[in-house]
Amino acid sequence: MGEWIRHQLGRRPGWMNLLLLFTAFMAFVYMPWDLFVKPAAIDEEVWFGVRFHGTWAKVLEIPHWFVYAAGTVGLWQMRAWMWPWAAVYTGQVAFSMLVWPMVYGEGFGAYVVGVIAGGAFMIPTLALWNARDLFQAKWTPLNERYGEWALITGASAGIGAAFARALAGEGLSCVLAARREDELKLLGEELARDHGVEVRCVPVDLATATGVELLLSQVADLEISVLVNNAGIGYAGRFDKQERGRQEQMVQLNCMAPVSLTAELLPKMIERGRGAVIFTGSVAGAQPLPLHALYSATKSFDNFLAEGLWGELQGSGVDVLGLQPGSTVSEFHEVAGELPHAGQPADEVVQVALRALGHQPSAISGGFNWLRANLAHRLLPRSWVALVARGVVARQTPDEMQ
Ligand SMILES: NC(=O)c1ccc[n+]([C@@H]2O[C@H](COP(=O)([O-])OP(=O)(O)OC[C@H]3O[C@@H](n4cnc5c(N)ncnc54)[C@H](OP(=O)(O)O)[C@@H]3O)[C@@H](O)[C@H]2O)c1
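Residues numbered from 1 in each chain as written. Predicted model: local features only at pLDDT ≥ 70, side-chain atom pairs only at ≥ 80, totals over all residues. Heavy atoms only, no water.

### Notes on the site of the ligand
For step 1, the next point in the chain: Around the ligand there are 31 residues in total, and I159, R179, D205, Y295 and S330 lie nearest to it.
For step 2, the next point in the chain: Within the backbone of L206, a nitrogen or oxygen atom sits 2.8 Å from a nitrogen atom of the ligand.
For step 3, the next point in the chain: F332 is positioned with one of its backbone polar atoms (N or O) 3.3 Å from an oxygen atom of the ligand.
For step 4, the next point in the chain: Notes on the ligand: free accessible area 880 Å², of which the protein chains cover 96%.
For step 5, the next point in the chain: Taken together, the elements giving at least two residues each to the shell around the ligand come down to α8 (158-169), α12 (293-312) and α13 (332-336).
For step 6, the next point in the chain: Classifying every residue of the shell around the ligand by side-chain character gives 13 nonpolar, 13 polar and five charged. (Near = heavy atom within 4 Å. Polar contact = N/O pair within 3.5 Å; in protein donor to acceptor, adjacent residues only side chain to side chain. Areas by Shrake-Rupley, 256 points an atom, 1.4 Å probe, with all protein chains shown as cover. Helix = DSSP H or I, 4+ residues; strand = E, 2+ residues; numbered from the N terminus. Nonpolar A, V, L, I, M, F, W, Y, C, P; charged D, E, K, R; others polar.)

### Some remarks on the packing of aromatic side chains
For step 1, the next point in the chain: Per the counting criterion, the structure on display carries eight aromatic pairs.
For step 2, the next point in the chain: Through successive ring pairs, a cluster of aromatic residues spans F22, W47, F48, Y68 and Y89.
For step 3, the next point in the chain: Directly above the aromatic system of W83 lies the positively charged group of R132, at a separation of 4.3 Å from the ring centroid.
For step 4, the next point in the chain: Taking the ring centre of W139 as reference, the NZ or CZ of R145 above it sits at 5.4 Å. (Phe/Tyr/Trp six-rings, centres within 6.5 Å; stacked < 30°, edge-to-face > 60°. Lys NZ or Arg CZ within 6 Å of the ring centre and 35° of its normal.)

### Digging into the domain arrangement of the protein chain
For step 1, the next point in the chain: Structurally, the protein chain comprises domain 1 (2-135) and domain 2 (142-401).
For step 2, the next point in the chain: One C-alpha centre belongs to domain 1, the other to domain 2, and the line joining them spans 39 Å.
For step 3, the next point in the chain: Between domain 1 and domain 2, the contact holds six residues from the first and six residues from the second.
For step 4, the next point in the chain: The junction of domain 1 with domain 2 conceals about 450 Å² of combined surface from both sides, 46% of it contributed by carbon and sulfur atoms.
For step 5, the next point in the chain: Considering only the surface of domain 1 that becomes buried against domain 2, E3, W4 and R11 emerge as the three largest contributors, covering 64% of it.
For step 6, the next point in the chain: Joining domain 1 to domain 2, the criterion identifies zero salt bridges.
For step 7, the next point in the chain: Across the side of domain 1 that touches domain 2, the residue classes tally to one nonpolar, three polar and two charged. (Domains from an automatic or database assignment. Contact = heavy atoms within 4.5 Å. Buried area = accessible area lost by both parts, 1.4 Å probe. Salt bridge = Lys/Arg side-chain N within 4 Å of Asp/Glu carboxyl O.)

### Re helix α16 (residues 382-394)
For step 1, the next point in the chain: Taking 1.5 Å per residue, 13 residues should reach 18 Å; α16 reaches 18 Å between its end C-alpha atoms and fits that length.
For step 2, the next point in the chain: Listing the buried residues of α16 in full gives V385, A386, A389, V393 and A394. Buried residues of α16, viewed axially, fall in a sector of 155°; they line one side. Exposed and oriented more than 90 degrees from the buried face of α16 are W384, L387 and V388.
For step 3, the next point in the chain: Here the buried face of α16 lies against α15 (367-379). (Expected span 1.5 Å × (residues − 1). Buried < 20%, exposed > 50% of the residue type's maximum accessible area, 1.4 Å probe, protein only. Arc of directions from axis to C-beta.)

### Thoughts on unusual backbone geometry
Most peptide bonds take the trans form, and the phi angle of most residues other than glycine is negative.
For step 1, the next point in the chain: In this structure, the amide linkage connecting W83 to the following residue, P84, adopts the cis form with an omega of 5°.
For step 2, the next point in the chain: With respect to the helices, strands and loops of the structure, P84 is situated in helix α4 (residues 82-104).
For step 3, the next point in the chain: Of note in the backbone geometry, F48 takes a positive phi value of approximately 50° without being a glycine.
For step 4, the next point in the chain: According to the relative accessible area criterion, F48 is exposed, its value standing at 52%.
For step 5, the next point in the chain: Phi at L291 is positive, roughly 75°, even though this residue is not glycine.
For step 6, the next point in the chain: Turning to its location among the elements, L291 is positioned in the loop between β7 (275-280) and α12.
For step 7, the next point in the chain: Taking the relative accessible area as the measure of exposure, L291 reaches 4% and is therefore buried.

### Here we look at the nonpolar core
For step 1, the next point in the chain: Counting 42 residues, the largest nonpolar core has L151, V175, L206, L215 and I224 as the members making the most contacts within it.
For step 2, the next point in the chain: Dropping the residues within four chain positions of it, I224 is found in contact with W149, L151, V175, V219, L265, M269 and R272.
For step 3, the next point in the chain: Formed by 36 residues, the second largest nonpolar core is a distinct cluster that contains F163, L167, V228 and V349. (Core = buried A, V, L, I, M, F, W, Y, C linked by side-chain atoms within 4.5 Å.)

### A few points about the pattern of salt bridges
For step 1, the next point in the chain: Under the criterion given, the structure shown has 14 salt bridges.
For step 2, the next point in the chain: A salt bridge links D43 to K58; its shortest N-O distance comes to 3.0 Å. Separated by 15 residues along the polypeptide, D43 in the loop between α2 (14-36) and β1 (44-47) and K58 in helix α3 (residues 54-77) bring together distant segments of the chain.
For step 3, the next point in the chain: We classify D43 as buried; its relative accessible area is 0%.
For step 4, the next point in the chain: Residue K58 is classed as buried on the basis of its relative accessible area of 16%.
For step 5, the next point in the chain: Its salt-bridge partner being D240, residue R238 comes within 2.7 Å of it at the nearest N-O pair.
For step 6, the next point in the chain: Connected via shared salt-bridge partners are D34, K38, D43, K58 and E61.

Here it is as structure tokens:
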């Protein structure tokens, strides 16, 4: 825990940690009190030096809350979009503090108060304006951060192929594993041609224990620095209507293969003092998902395993990330037997993962997915969560499987 706190505090200078504390206080304590507890009759809000009262003050507290919430997230994760918006907003506060006493106060004293208050808020404004480089920190290529070779399972399509392209773009040589050899070879040629990296294709069925052993034997001579446990399948429909063999394959592929590969490769990364393990879990693992019950259980397994390992490995030099995509464009829906529906491009999902790697235990791709994964199941009774989810999944499930 101490190591993690030191790492988090070390991500920004001391004055910015204080600012983060302030925005968190405003977002979680002061603004909720202002909005929900303070009587409207005595409520006041100031924007651009103009004072608003009563209902208008209540309405304007909502964007104010969003500003502090965004500031808290932006400072915590040192997001690039904080520049220039944090400085622009603080500049607006400085302007308000300058103008407000002059407009509503009386005499020379009001001007003095305005200049002092406005000047005081110019200090954080200038500091945030000058912090551009901190928010847009230099990116160290992943091959320099972790080492030479990545192993990506499920690399013949979708998110796995997007991972392989992104990692090769970062200078990592790639072991590509999946069942379809032709697809792997095509991708391998593309990676070698476009990025000049080495590629090894391993056609293998990871839904069997022998397949996992075969893959491990094929990489035994390599120092695997980045392991992407991505291969996975879904299986849409009511549990009692599903084939038992396919259910067991899914558990083997989605859960057992990542366990065995990680168990073999992680200790060597720890020994070297660097490396990364990524698990492709899912927002489907954040809550029970009727008509996809077993799949969501396997993804909850992946999500929890990733976050638990992240906690265990603090200070070891090995980064762990649980990627939790929402609906993504790939072959997944068809293979799972779902009706077609929209999704996020796989390369966008992978970018979310690579930006988050080394900074947080898990990453959810997309704001809507974040809300879905966090709000409903934390706030609503379990029965509602399951039944609302059933309604959503039913629209993507063929009638005969419901
Ligand atoms: N797409 C989504 O909406 C979504 C959302 C959340 C999470 N996810 C997760 O993302 C991961 C990747 O899925 P995707 O969306 O990229 O789906 P995809 O396009 O269907 O890709 C799945 C990959 O897994 C491989 N695979 C399947 N069965 C295998 C087996 N028995 N042995 C070895 N490899 C196998 C497939 O290759 P072969 O067929 O060549 O073996 C393919 O490369 C999965 O873990 C999935 O649960 C997907």
